Amino acid sequence: MVEIGGMCPDASGISTLSDFDVPRYEDLDSIDSAVGGELSRLVGQRLESVYVVFDARDEGQDTWDFDAPVILRFEELDVAVESVSGLSLSVAFGWAPTGSPLRMYPPDGGANDEINSWYDLSWREYDPVSDVFGRVVERVYWRADDCFHPLALGLRLEGGVHLRVGDGGDDTIPELVDPFVVNEATEFDDVVLPAGYRKPASSAPSVVSAEWLRIPNRNGAGVRFLMLEGRLRDGELCHRPLADRRLFVGGIELGFAVPEYTPHRERPGEVAVFIGPDELPDSLFVGKRIQIV
């Protein structure tokens, strides 16, 4: 398997971190067009481990202080993810030599050698997310800001656990996140769409509001009534029965409900859809963009 972005060890068996050279994308549509299809093929694979760069000379630090890729190791390949200051994201596939020593720059007999002497770098498994090692990927998705800068790669793993790998200031940080909670790491994740979504991302409607309804003549069954911005394309809800369609909202998928019930409460410029009973908080939906899958 080919190494990722020039990460091949040299004759001395050492890899050079600055050799990591893969395309960086500042636009969500661009990165999804480039790698979204390949990311979708991760569904069903087992995430074996997550590697980050450690510096043995920097006591007490979990990761290297500057930008470095995070390696996601699956059964069949490695995926490298690197975010740069929330403005661009790189995703590359292949093989990462996580067993080889690391240096920052290639040796040059001068300034680079001096800089390399300041560090003792190596790949290590990232213990804070070790709970997901060995879990199967159920969904791959993107997290972006409201200007559609790709911020992070998201994975939903078996057991309903979500792993976010991406922007954390000037670092690329792997973190287990609760999709129902907005915290410091996810406060700018306004756009959450699945890998391989229908483009452009700006055409995906946002959830304006969410409330519960009790539908008559259905034994009081409860459904959630989602009000969306009116950006759904003609016939998007009618190509096949709604019972066969699903909504992707905020990192999870939800099935449509009561397809024979005609929404009657739409306001101008909005579209109403129904989803089935659940215990998810309204905050998951409001403000998030949706994709019909």
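This structure is a prediction, so every number in the text was calculated from the model and none was measured. (Residues numbered from 1 in each chain as written. Predicted model: local features only at pLDDT ≥ 70, side-chain atom pairs only at ≥ 80, totals over all residues. Heavy atoms only, no water.)

Trainee: Please explain the environment of H162 as it appears in this structure.
Mentor: With respect to the helices and strands, the residue H162 is situated in strand β10 (residues 161–168). For H162, a relative accessible area of 2% puts it in the buried group. Among all residues touching H162, those that are not within four sequence positions of it are Y141, L155, R156, E175, L176, V177, P179, G251 and I252. Side chain to side chain, H162 and Y141 meet in a polar contact 2.7 Å long. (Helix = DSSP H or I, 4+ residues; strand = E, 2+ residues; numbered from the N terminus. Buried < 20%, exposed > 50% of the residue type's maximum accessible area, 1.4 Å probe, protein only. Contact = heavy atoms within 4.5 Å. Polar contact = N/O pair within 3.5 Å; in protein donor to acceptor, adjacent residues only side chain to side chain.)

Trainee: Would you explain empty space enclosed by the protein in this entry?
Mentor: It is the rolling of a water-molecule-sized probe over the atoms that shows where space remains empty. Under the definition given, this model contains four cavities of 30 Å³ or more. Roughly 110 Å³ of volume is contained in the largest cavity. Every residue along the wall of the largest cavity is listed here: R143, P179, F180, V181, V182, T186, D189, V192, G250, S283, L284 and K288. Looking at the lining of the largest cavity residue by residue, the classes come out as six nonpolar, three polar and three charged. (1 Å grid on protein atoms, 1.4 Å probe; cavity = no way out; pocket = protein on both sides within 12 Å on 5 of 7 lines; lining within 4 Å. Points joined across faces, edges and corners; volume = space filled by probe spheres on them. Nonpolar A, V, L, I, M, F, W, Y, C, P; charged D, E, K, R; others polar.)

Trainee: Where do I start with the pattern of salt bridges in this structure?
Mentor: Side chains carrying opposite charge are able to pair once their charged atoms draw close together. Under the criterion given, the structure shown has ten salt bridges. The partner of D131 in a salt bridge is R135, and the shortest N-O contact between them spans 3.0 Å. One network of salt bridges, in which partners are shared, links R143, R164 and D189. (Salt bridge = Lys/Arg side-chain N within 4 Å of Asp/Glu carboxyl O.)

Trainee: Which parts of the structure should I look at to understand the packing of aromatic side chains?
Mentor: Any pair of aromatic rings gets described here by the distance separating the centres and the angle formed by the planes. Taken as a whole and judged by the stated rule, the model has one aromatic pair. Here the basic side chain of K199 rests over the ring of Y197, its NZ or CZ set 4.6 Å away from the ring centre. (Phe/Tyr/Trp six-rings, centres within 6.5 Å; stacked < 30°, edge-to-face > 60°. Lys NZ or Arg CZ within 6 Å of the ring centre and 35° of its normal.)

Trainee: What's the story with the pairing of strand β12 (residues 191–194) in this structure? I'm lost.
Mentor: Two faces, one strand: in a regular strand the side chains alternate between the faces of the sheet. Neither face of β12 is left uncovered, since the one carrying V191 and L193 and the one carrying V192 and P194 both have all their residues buried. Strand direction decides the pairing type here: strand β8 (residues 135–144) and β12, joined by four bridges, are antiparallel. Bridge pairing in β12 links W142 to L193. (Pairing = 2+ DSSP bridges.)

Interpretation in functional terms is not warranted from these geometric data alone.
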